Amino acid sequence: ALHQLPDVSLPRYVRVNTLKLDVDSALLELQEKYSVEKDDLLPDLLKLPPGTDLHDHPLVNNGSIFMQGKASSMVAPALNPEPGWEVIDACAAPGNKTVHLAALMKRKGRITACELNKQRIKRLKETIKLSGASNIHVLNEDFLNIDPKAPSYSKVKAVLLDPSCSGSGTAASRLDHLLPSKAAGQDTDIERLNKLAAFQRKALQHALNFPAVEKIVYSTCSINQIENEDVINSVLPIAESHGFELVNPFPEWHCRGLPVFKGSENLIRTHPATDGEGFFIALFAKKKNEQRKKK
Ligand code: SAM
């Protein structure tokens, strides 16, 4: 019952890589063949009819547009890093959100793309190359082993944390539900979820330790409360003690987090059935009046 088939009537989205092409030019070029319109939430996202297949489109092949769902394209804009900032993408491969950050930062500043898995580093580097970004530094490292107090990270202002998760929000679109082990419900195995959540909590706490960090975005492609609201709820007191609060990156969005703690109305959820993917987004931001309040 957990998995729903992707609704074939849902639109397809592509993200325009504004490092290579502006949105209006992409729109014009795609309009030659498709009925395409701008998304109403994200300025660099284009909406195409259900079932549109752009796999081999020249704009995809040359990195001008990325085939990226709407929910996944909401994460970097939720963080909304300023051009010139230093940013860490903590769990970066294959790099879709890394290069989205780079586009939002307009080639200014610096992004550290951290990825533990050596095999996935290759994909990450390919994505970065295709994007045309030149200010991304790839680090094959465990994010938990990065020393937040090291001088090289003293100016990190923002962290994007998109950790390994159960993937339960996108399982249907990957047709995982057809695999016997998944059909047997093993992907809801509580032990596995607890393990994932333990890492997710640790990584989120680690992100809070960077001395100059002002914003942290946490996202999963899971629909499980244990990896989403529960992670945020358990780290929230620590975040608050660091002067952070939960803020709502998309007040106009129709779906909030599960109402399981005070502040969950700031959380963003997307649903597989209505939005194509089940994503979760939480944004922590340093309180502006923190200094004043302390006095
Ligand atoms: N943000 C990516 C994107 O949008 O393309 C997807 C990230 S994927 C959900 C999570 C990634 O985190 C995986 O590539 C995994 O290998 C990596 N990872 C898992 N544990 C890690 C750790 N301790 N440190 C760094 N990366 C880790």
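What you see is a predicted model, and the numbers here were worked out from it, not measured in a lab.

Quick notes on the pairing of strand β3 (residues 45–48)
For step 1, the next point in the chain: Bridge analysis of strand β1 (residues 12–16) against β3 gives four bridges, and the strand direction is antiparallel. Of the residues in β3, the one forming a bridge with Arg 15 is Leu 45.
For step 2, the next point in the chain: When strand β2 (residues 37–38) meets β3, the two strands line up antiparallel, connected through two bridges. Bridged to Lys 38 within β3 is Leu 46.
For step 3, the next point in the chain: Turn length for the β2-β3 hairpin, with the two strands adjacent in sequence and antiparallel, is six residues.

Re the site of the ligand
For step 1, the next point in the chain: The ligand sits among 18 residues. The nearest are Cys 91, Asn 96, Leu 116, Asn 117 and Phe 143.
For step 2, the next point in the chain: Among the secondary structure elements, those contributing two or more residues to the shell around the ligand are α5 (96–104) and β6 (110–115).
For step 3, the next point in the chain: Tallied by class, residues from the shell around the ligand come to nine nonpolar, four polar and five charged.

Some words on the packing of helix α8 (residues 190–207) against helix α9 (residues 229–241)
For step 1, the next point in the chain: Between α8 and α9, the shortest axis-to-axis distance is 10 Å and the interhelical angle comes to 35 degrees. Between α8 and α9 the crossing geometry is right-handed. Across from Ala 197, Gln 200, Arg 201, Leu 204 and Gln 205 in α8, the residues of α9 making contact are Asp 230, Val 231, Ser 234, Val 235 and Ile 238.
For step 2, the next point in the chain: Broken down by class, the residue content of the contact of α8 with α9 amounts to five nonpolar, three polar and two charged.

Points about the domain arrangement of the protein
For step 1, the next point in the chain: Considered domain by domain, the protein is made up of domain 1 (12–68) and domain 2 (71–294).
For step 2, the next point in the chain: Inter-centroid distance (C-alpha atoms) of domain 1 to domain 2 is 24 Å.
For step 3, the next point in the chain: Here the side of domain 1 that touches domain 2 is built from residues that sort into six nonpolar, four polar and three charged.

Considering the sheet that holds β3
For step 1, the next point in the chain: Here four strands make up an open sheet; going across it, the order is β2-β3-β1-β4 and the pairing antiparallel. Both outer strands of the open sheet, β2 and β4 (65–66), are each paired with one neighbouring strand and no more.
For step 2, the next point in the chain: Where β1 meets β4, two bridges bridge the pair, whose relative direction is antiparallel. Bridge pairing in β4 links Arg 15 to Phe 66.

Parameters at a glance
Residues numbered from 1 in each chain as written. Predicted model: local features only at pLDDT ≥ 70, side-chain atom pairs only at ≥ 80, totals over all residues. Pairing = 2+ DSSP bridges. Helix = DSSP H or I, 4+ residues; strand = E, 2+ residues; numbered from the N terminus. Near = placed C-beta within 6 Å. Nonpolar A, V, L, I, M, F, W, Y, C, P; charged D, E, K, R; others polar. Axes fitted to C-alpha atoms, helices over the stretch in contact; angles between N-to-C directions. Left-handed = near helix turned anticlockwise from the far one by under 90°. Contact = placed C-beta atoms within 7 Å. Domains from an automatic or database assignment.

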